[in-house]
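Examining the three-dimensional arrangement
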Amino acid sequence: MQWFGRRESTNVEDRRGFSGGGLAAGGGVIGVIIYLVFNFLSGGKIDPSQIPQIAPQEQTKLSPEAQKADDQRAAFVKVVLADTEDVWTEIFKQSGQQYTDPTLVLFRGSVASACGRASASSGPFYCPNDSKLYIDLSFFEEMQNKLNAPGDFAMAYVVAHEVGHHIQKLNGTAQKIESLRAQASEKDANRYSVMLELQADFLAGVWAHYEQKKNNIIEKGDIEEALNAANAIGDDRLQKEAEGTVVPDAFTHGTSQQRVYWFKKGFETGDPGQGNTFSDASLN
């Protein structure tokens with residue numbers, strides 16, 4: 001992805017030099033792995049909010065080389081966030097609406113949010129209570145080294161996915177699904193979560209479509225990096241790697257195939273109106 005020298009978003013809080021205090025496992029990709037392990041050990045009867053707290057991580061000083069790499073990743077995600085701002089402002093304007101930018105919070109080790117405290121192991125997440133995206137940049141090293149999902153556009157996909165959750169808050173989808181989940185069985189609540197996550201993947205694809213059309217900065221292999229990342233964080237694959245067993249009723253984000261399909265559909269169509277994951281026959 002061609003990003004050097006391009007506009008960086010100013011809607012960023014850089015908290016990498018601050019401690020976040022006590023931690024709890026959260027709803028990101030790595031958090032899903034932690035949740036799955038506890039879930040299997042408990043016979044599938046544990047709620048994510050019941051996962052034991054993780055011991056606080058001390059702020060460790062990075063080497064000059066590591067700090068340089070971390071700062072470069074920070075600059076990159078700021079550029080991606082700026083691009084999402086431009087794309088979604090234009091899309092909302094076309095439908096007579098006004099887009100409200102989210103804020104990106106960069107942290108290291110742990111962080112306090114309006115959705116509670118979280119750690120690096122939670123992975124990137126969006127908190128609707130404060131309209132902020134939270135990212136510990138070390139997650140991108142985890143993607144490359146542990147999930148085998150390297151590449152700058154894989155990182156861009158993650159940011160765009162979390163922005164997708166912000167879109168769902170703005171258009172009321174997130175609130176409707178949360179209301180349905182509150183009244184549903186555990187199995188159906190998980191199914192609603194999958195639908196929401198797959199739509200965020202679709203919206204990330206829509207962003208990539210317009211990003212290429214608007215700025216022509218997507219290079220050969222970039223979309224493959226995003227598709228590989230979507231494949232790497234499918235519930236079935238994560239469950240298989242965590243415990244060697246796949247339990248579809250416990251899925252909360254969708255299978256690798258589903259995540260790839262919906263991101264690809266968003267990228268190929270560029271039409272936000274075609275992202276009705278709630279009518280996906282494979283989810284009913």
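Residues numbered from 1 in each chain as written. Predicted model: local features only at pLDDT ≥ 70, side-chain atom pairs only at ≥ 80, totals over all residues. Heavy atoms only, no water.

Topic: the pattern of salt bridges
Where charged atoms from two side chains of opposite charge approach closely, those side chains can pair. By the definition in use, this model includes 14 salt bridges. We note a salt bridge from Arg 191 to Asp 188, for which the minimum N-O separation is 3.4 Å. Of this pair, Arg 191 and Asp 188 both sit in helix α6 (residues 186-215), separated by three residues, roughly a single helical turn. Assessed through its relative accessible area of 27%, Asp 188 is described here as partly exposed. One connected set of salt bridges, linked through shared partners, spans Asp 14, Arg 16, Asp 70, Asp 71, Arg 73, Arg 108 and Glu 141. (Salt bridge = Lys/Arg side-chain N within 4 Å of Asp/Glu carboxyl O. Helix = DSSP H or I, 4+ residues; strand = E, 2+ residues; numbered from the N terminus. Buried < 20%, exposed > 50% of the residue type's maximum accessible area, 1.4 Å probe, protein only.)

Quick look at the nonpolar core
In terms of nonpolar packing, the biggest core is built from 46 residues, with Val 77, Trp 88, Phe 140, Met 143 and Trp 207 touching the most fellow members. Looking at this core, the elements with two or more residues in it are α2 (64-94), β2 (103-107), β6 (132-136), α3 (139-145), α4 (152-170), α6, α7 (222-232) and α9 (256-269). Per-element tally for this core: the top contributor is α4, with 10 residues. Every residue in contact with Trp 88, bar those within four places of it in the chain, is listed here: Tyr 99, Val 163, Ile 167, Leu 203, Val 206 and Trp 207. Core analysis: the second largest hydrophobic core is formed by seven residues, Val 111, Ala 118, Cys 127 and Tyr 134 among them. (Core = buried A, V, L, I, M, F, W, Y, C linked by side-chain atoms within 4.5 Å. Contact = heavy atoms within 4.5 Å.)

Examining α9
Compared with the 20 Å implied by 1.5 Å per residue over 14 residues, the 20 Å span of α9 between its first and last C-alpha is a close match. For α9, the complete set of buried residues consists of Ser 256, Gln 258, Arg 259, Trp 262, Phe 263 and Gly 266. (Expected span 1.5 Å × (residues − 1).)

Details of the sheet that holds β2
Strand-to-strand pairing in sheets goes through backbone hydrogen bonds, with the strands running parallel or antiparallel. Spatial ordering of the open sheet is given by β1-β2-β6-β5, a layout of four strands whose pairing is mixed. Two strands close off the open sheet at either side, each with one partner strand: β1 (12-15) and β5 (125-127). Going across the sheet, the axis of each strand differs from the next one's by a mean of 20°, ignoring polarity. The pairing of β1 with β2 spans four bridges and is parallel. (Pairing = 2+ DSSP bridges. Axes fitted to C-alpha atoms, helices over the stretch in contact; angles between N-to-C directions.)

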